[in-house]
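Notes for the structure review
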Amino acid sequence: MLNADYSDPDVIRVGDKYYMVASDFHYIGMQVLESDDMVNWRLVSQVYARFDLPGWDANNHYAGGSWAPSIRWRDGRFYIYFCTPDEGLFMTTAESAEGPWAPLHCVKAVEKWEDPCPLFDDDGKVYLGRSRHGAGPIIVHRMSDDGRELLDDGVTVYTGPVAEGTKWMKRNEYYYLVIPEGGVGEGWQTVLRSKNVYGPYEKRVVLEQGSTAVNGPHQGALVDTPEGEWWFYHFQSTPVLGRVVHLQPARWCDDWPLMGVDIDGNGIGEPVAVWTKPRTGVEATPSLPATSDDFSSRQLGLQWQWCHNPDNAHWSLGGRPGWLTLDALPADNLKNARNMLTQKMMGYAGEVTTMMDCRQFASGTRGGLLCMGKTFRCIAAGPEGLYVECDGRREVVTRKVPSRLWLRVTLDAVSNSHRFSYSTDGRHFIPAGEPFGMQAGYWKGVRVGLFAFGEGGKAQFDFFKYEVER
């Protein structure tokens, strides 16, 4: 449904619109998406601009940051909760999904908590469900009425195999904990229910891979439409794109949610490959979240995320209007570069092209187009000339670097074969280096982006054109 790395998705409906958040880990921002029809999504805001915490001004928190979040709506306000593995439990609120979002509030400074979700009960009481790093058990806390403080140390209500991803809901006097079990790539979806928030809880497995090719179908959100349909969002772990989002039909039977279709007849649903689009009363134009940027605005497009905290004194859209300027800050390699601006790889195939002005380079400047996941690859200009690189190993393409370079990466997630190329006129592109494979890493899918690092100078980019094949 959304063929990009919106990992650990949580979705809610507010009125006739739908809102999604996902884990972003060491990429700054946490994007908020909005949809009219549950299928086509647009970016509407980012929740935070930086982590004001030790170590985040250097690139040493890969796989840290915002883990699986939850989003809820109460009394005219959105609430988002998430944990970081090293710093604690955080929350923020906003009256509009477009923001502004309140500064992150640390509910509890603690290590190794994960996957929090609040429950705003009918009687005004507030609870928080969460798990623990390494997955499980599921623990329930009472919270203050404003959802900003924990009132106890929590009660364990369920222990299961890699039980995590806590999502609350209440229906027909039942409390439901909708949780994944079994691990990211091999797991299934479990639902727990009880008429007491602290249990005991009955258990039912409601979605599994079964005979399908969709591995680990779990961790997501059970959402209804104004017309009374029910649907379940979940992710699937893929080796290149990361954790992509699926949408399954759902229904209720004897106060249990049933998801997908029971293809093999064992009483547990399996993911469907094709299904009728949700009846939301809206016929939206097919669209994907934004990818391209001509840098003509005073703000970066919401698709962009910095790797770790940005240094806002060393990048600009206004210094040279219509261009993105990245100062070359000291770093010993691309992985540690501060000015590394990225976005998700989108769809099965695509092509990214940028034009870089090299006239502001200093003797130690390196800048260009990157592709990153478990490994860090780029096509860049630097003291050696134009080169391609993989995790610090450089291959010089040409010693001559013109004042302007067009850089391109052609992407194919199906064959996992990608290739850099370059041009001196923007029309004729020359392959640079051999085709290469990529792999998701640090809990995130493969990304593309722009960068600069070195002992001075700057790289300037005129545009970033990302043409996506669904």
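To start, this report covers the structure provided alongside it. Sequence positions are assigned chain by chain, starting from 1 and proceeding in written order. Only residues with pLDDT of 70 or above have their local features reported here, since the model is predicted, and side-chain atom pairs are shown and tallied only from 80 upward, although totals for entire chains, interfaces and linings are computed over all residues. Side-chain calculation: all heavy atoms of the structure are included, whereas hydrogens and water are not.

A closer look at unusual backbone geometry
With omega at 5 degrees, the peptide bond leading from Gly99 into Pro100 counts as cis. Going along the chain from the N terminus, every DSSP run of H or I of four or more residues is numbered as a helix, and every run of E of two or more is numbered as a strand. Turning to its location among the elements, Pro100 is positioned in the loop between strand S7 (88-94) and strand S8 (105-108). Cis geometry marks the peptide bond from Gly199 to Pro200; its omega dihedral reads 10 degrees. With respect to the secondary-structure elements, Pro200 resides in the loop between strand S15 (188-194) and strand S16 (202-207). The backbone of Asp115 sits at a positive phi, close to 55 degrees, despite the residue not being glycine.

So, the sheet that holds strand S19 (residues 242-253)
By the convention used here, strands pair only if DSSP detects at least 2 bridges between them. Taken in spatial order, the four strands make up an open sheet running S17-S18-S19-S20, and their pairing is antiparallel. One side of each edge strand has no neighbouring strand; the edge strands of this open sheet are strand S17 (218-224) and strand S20 (256-259). The mean inter-strand angle of the sheet, taken between neighbouring strand axes irrespective of direction, is 35 degrees. Sheet topology places strand S18 (residues 230-238) next to S19; nine bridges connect them, and they run antiparallel. By the bridge assignment, Trp231 is partnered in S19 with Pro249. Axis definition: a line fitted to C-alpha atoms, limited for helices to the stretch in contact. Angles are taken between N-to-C directions and run from 0 to 180 degrees.

Describing the side chain of Ser70
Here Ser70 shows up in strand S5 (residues 70-74). Reaching out from Ser70, the side chain makes a polar contact with the backbone oxygen of Pro116 at a distance of 2.9 Å. In this structure Ser70 touches Asp10, Val21, Tyr79, Ile80, Tyr81, Pro116, Cys117, Pro118 and Lys167, once residues within four positions along its chain are discounted. Here a polar contact is recorded for every N or O atom pair within 3.5 Å, except that within protein the pair must consist of a potential hydrogen donor and a potential acceptor, and residues adjacent in sequence are included only if both atoms are side-chain atoms. Note on contacts: a residue pair is in contact if any heavy atoms of the two residues lie within 4.5 Å.

What to know about the pattern of salt bridges
Think of a salt bridge as a Lys or Arg side-chain nitrogen and an Asp or Glu carboxyl oxygen that are within 4 Å of each other. Per the counting criterion, the structure on display carries 28 salt bridges. The shortest N-O distance in the salt bridge between Asp224 and Arg13 comes to 3.2 Å. On the criterion of sequence distance, the pair formed by Asp224 in strand S17 and Arg13 in strand S1 (residues 10-14) is long-range, its members being 211 residues apart. Classification of residues uses two cut-offs on accessible area relative to the type maximum, computed with a 1.4 Å probe and protein chains only: under 20% is buried, over 50% is exposed, and between them is partly exposed. Among the residues examined, Asp224 registers a relative accessible area of 23% and is labelled partly exposed. Under the relative-accessibility criterion, Arg13 is labelled partly exposed at 28%. A salt bridge links Lys277 to Asp37, with the nearest nitrogen and oxygen atoms 2.8 Å apart. Placement of the pair is Lys277 in the loop between S20 and strand S21 (305-306) and Asp37 in the loop between strand S3 (31-35) and strand S4 (41-46), with a sequence separation of 240 residues. On the basis of relative accessible area, Asp37 is assigned to the buried category, the value being 0%. Within the structure, one salt-bridge network assembled from shared partners comprises Lys17, Glu34, Asp36 and Arg42.

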